[in-house]
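What the coordinates show
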Amino acid sequence: MPLFQRNTSNTSLFRVFLATSYVKLADAYIAEIGDTLSTFQAIGYEISDTPNFSYTDSWGEKKALTTAAAWTATSKVALNDCAKESTWVLTANQSATGNGAAWTTNTLEAECEALTPQFKNLQKGEVKTSTGG
């Protein structure tokens, strides 16, 4: 059973963990295959929609790294002050060194950023998904 398929948690940490897991799998795929990215299935990322979010394989079939959305989470419901159909997007681009991907995140409205304050840090490589303890 895939790790993410049955978990319907909508906590901030969980959403950041899903995106971080995607980046790690995508980076491994890029390192092995070359400067290309492909579908969720091709990189080994398995995820199902939850009652509050749908996840989109925005990249599509195997193609060279260019500035394009790769992973998108869209809210199915309003979440506090964050509107229904708000999106969290990871964008992949060729890195400045020419090896691997450079990841960026979309700029969320303040109401949505408050739900996932660490999401913007994915592009900086600063997100830690462990809560310790």
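In case you missed it, the structure is sitting above this.
Rules and cut-offs
- Residues numbered from 1 in each chain as written.
- Predicted model: local features only at pLDDT ≥ 70, side-chain atom pairs only at ≥ 80, totals over all residues.
- Heavy atoms only, no water.
- Salt bridge = Lys/Arg side-chain N within 4 Å of Asp/Glu carboxyl O.
- Buried < 20%, exposed > 50% of the residue type's maximum accessible area, 1.4 Å probe, protein only.
- Pairing = 2+ DSSP bridges.
- Helix = DSSP H or I, 4+ residues; strand = E, 2+ residues; numbered from the N terminus.
- Axes fitted to C-alpha atoms, helices over the stretch in contact; angles between N-to-C directions.
- Contact = heavy atoms within 4.5 Å.

1. Here we look at the pattern of salt bridges
Note on pairing: side chains with opposite charge can pair once their charged atoms come close. All told, the structure shown has one salt bridge when counted by the stated rule. With a closest N to O distance of 2.8 Å, Glu-113 and Lys-120 form a salt bridge. On the basis of relative accessibility, which here comes to 24%, the residue Glu-113 falls in the partly exposed class.

2. Side note on the sheet that holds strand E4 (residues 68–75)
The strand order across the open sheet formed by four strands is E2-E4-E5-E6, and the pairing between neighbours is antiparallel. Because the sheet does not close on itself, it has two edges, and the strands there are strand E2 (53–57) and strand E6 (101–105). When strand polarity is set aside, the average angle formed by the axes of neighbouring strands in this sheet is 15°. Looking at chain direction, E4 and strand E5 (residues 87–94) are connected through six bridges and run antiparallel. If you follow Trp-71 over to E5, its bridge partner there is Leu-90.

3. Some points on unusual backbone geometry
The residue Asn-80 is not glycine, and still its phi comes out positive at about 55°. For Asn-80, the position within the fold is in the loop between E4 and E5. Exposure remark for Asn-80: the relative accessible area of 68% places this residue in the exposed category. With phi around 70°, Glu-85 is a residue other than glycine that occupies positive phi space.

4. Some words on the environment of Trp-103
With respect to the helices and strands, Trp-103 occurs in strand E6. For Trp-103, a relative accessible area of 8% puts it in the buried group. Remark: the alpha-carbon pair of Trp-103 and Ala-69, spanning 34 residues in sequence, is separated by 9.7 Å. Other than its neighbours up to four places away in sequence, Trp-103 contacts Tyr-22, Val-23, Ala-26, Asp-27, Leu-37, Ala-70, Leu-90, Thr-91, Ala-92 and Gln-123.

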